Amino acid sequence: MFNYKEGAEHEFKVEVDVLTDTGTPYQLIVWNDEVNTFDWVIETLISVCGHTPEQAEQCALFIHTKGKYAVKNGEYDDLKTMCDAITDRGIGATVEITA
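Figured I'd write up the structure that's included with this text. (Residues numbered from 1 in each chain as written. Predicted model: local features only at pLDDT ≥ 70, side-chain atom pairs only at ≥ 80, totals over all residues. Heavy atoms only, no water.)

1. Observations concerning the layout of surface pockets
The following threshold applies: Method remark: on a 1 Å grid restricted to protein atoms, a set of points is classed as a cavity if a 1.4 Å probe fits but cannot get out and as a pocket if it is open with protein on both sides within 12 Å along at least five of seven lines; lining residues have an atom within 4 Å of a point. Grid points are joined across faces, edges and corners, and a volume is the space filled by probe spheres set on the points. Under the DSSP-based scheme used, a helix requires at least four consecutive residues in state H or I and a strand at least two consecutive residues in state E, with every element numbered from the N terminus. Gly falls in the polar group here, along with every residue not listed as nonpolar (Ala, Val, Leu, Ile, Met, Phe, Trp, Tyr, Cys, Pro) or charged (Asp, Glu, Lys, Arg).
What the largest pocket holds in volume is close to 150 Å³. For the largest pocket, the lining is made up of 13 residues, of which N32, D33, N36, F38 and V41 are closest to its centre. Counting residues per element, the ones that place at least two in the lining of the largest pocket are β1 (26-31), α1 (38-49) and α2 (53-66). Of all the elements, α2 adds the most residues to the lining of the largest pocket, at 3 residues. When grouped by side-chain class, the residues that make up the lining of the largest pocket number 7 nonpolar, 4 polar and 2 charged.

Structural data, given as structure tokens:
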């Protein structure tokens, strides 16, 4: 219960959360195709992106069913290196800014 006394000074403290952008601004997108096998995509994600086998398999399923999937978020320079390594293996990939 709040007791209010007329004429008394009251001090109120207000906590404010400030949202700061700490997210990573880029995504590494891998594209589905009719050429590469699931095993090759999974092996590539493990090798290039450092995914666990389970993560890589889940990503491969998303890529296959959705047509593309953001397999990694991060800074442009880091993702560009990974993107180049993936495309060097014959798999379509791009680095895109997060919307």
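2. Overview of the sheet that holds strand β2 (residues 68-74)
What counts here: Strand pairing is assigned whenever DSSP identifies at least 2 bridges connecting the two strands. Inter-axis angles, ranging from 0 to 180 degrees, are taken between N-to-C directions of lines fitted to C-alpha atoms, where helices are fitted over the stretch in contact.
The strand order across the open sheet formed by 3 strands is β2-β1-β3, and the pairing between neighbours is antiparallel. Each edge of the sheet is formed by a strand with only one pairing partner; in this case those strands are β2 and β3 (93-97). Geometrically, the sheet is characterised by an average inter-axis angle of 30° between neighbouring strands, direction not taken into account.

3. Some thoughts on the nonpolar core
Here is the rule: The nonpolar core is taken to be a set of buried Ala, Val, Leu, Ile, Met, Phe, Trp, Tyr and Cys residues, with the residues joined through side-chain atoms within 4.5 Å. Under the scheme applied here, a residue whose accessible area is under 20% of the maximum for its type counts as buried, over 50% as exposed, and between as partly exposed, the area being computed with a 1.4 Å probe on protein chains only. Residues are treated as being in contact if the distance between any of their heavy atoms lies within 4.5 Å.
Within the largest apolar cluster, 19 residues are counted, with the highest numbers of intra-cluster contacts made by L28, V30, L45, C49, V71 and I86. Elements represented by at least two residues in this core include exactly β1, α1, α2, α3 (76-88) and β3. No other element matches α1, which puts 5 residues into this core. Excluding anything up to four places from it in sequence, C49 contacts L28, T44, V71, K72, M82 and I86.

4. Some points on the packing of α1 against α2
For clarity, the threshold we go by: Geometric relationships in this document are graded by angle, where less than 35 degrees denotes roughly parallel, more than 145 denotes roughly antiparallel, 65 to 115 denotes roughly perpendicular, and other angles denote oblique. Less than a right angle of anticlockwise turn of the near helix away from the far helix marks a crossing as left-handed, whereas a clockwise turn marks it as right-handed.
Taken N-terminus to C-terminus, the directions of α1 and α2 make an angle of 130°; their axes are 9 Å apart at the nearest point. With respect to each other, α1 and α2 are oriented oblique. In the packing of α1 onto α2, the handedness of the crossing is right-handed. Here F38, V41, I42, L45 and I46 of α1 come into contact with α2, specifically with P53, A56, E57, C59, A60, L61, I63 and H64.

5. Quick look at the packing of α1 against α3
Their axes nearest at 10 Å, the elements α1 and α3 cross at an angle of 145°. The crossing of α1 and α3 is right-handed. Contact residues: T44, V48 and C49 in α1; M82, A85 and I86 in α3. Here the residues of the contact of α1 with α3 sort into 5 nonpolar, 1 polar and no charged.

6. Section: the environment of V95
Mapped onto the secondary structure, V95 falls in strand β3. On a C-alpha basis, the gap between V95 and A70 in space is 9.1 Å, while along the polypeptide they are 25 residues apart. Ignoring any residue separated from it by four or fewer positions in sequence, one finds V95 in contact with Y26, Q27, L28, Y76, L79, K80 and C83.

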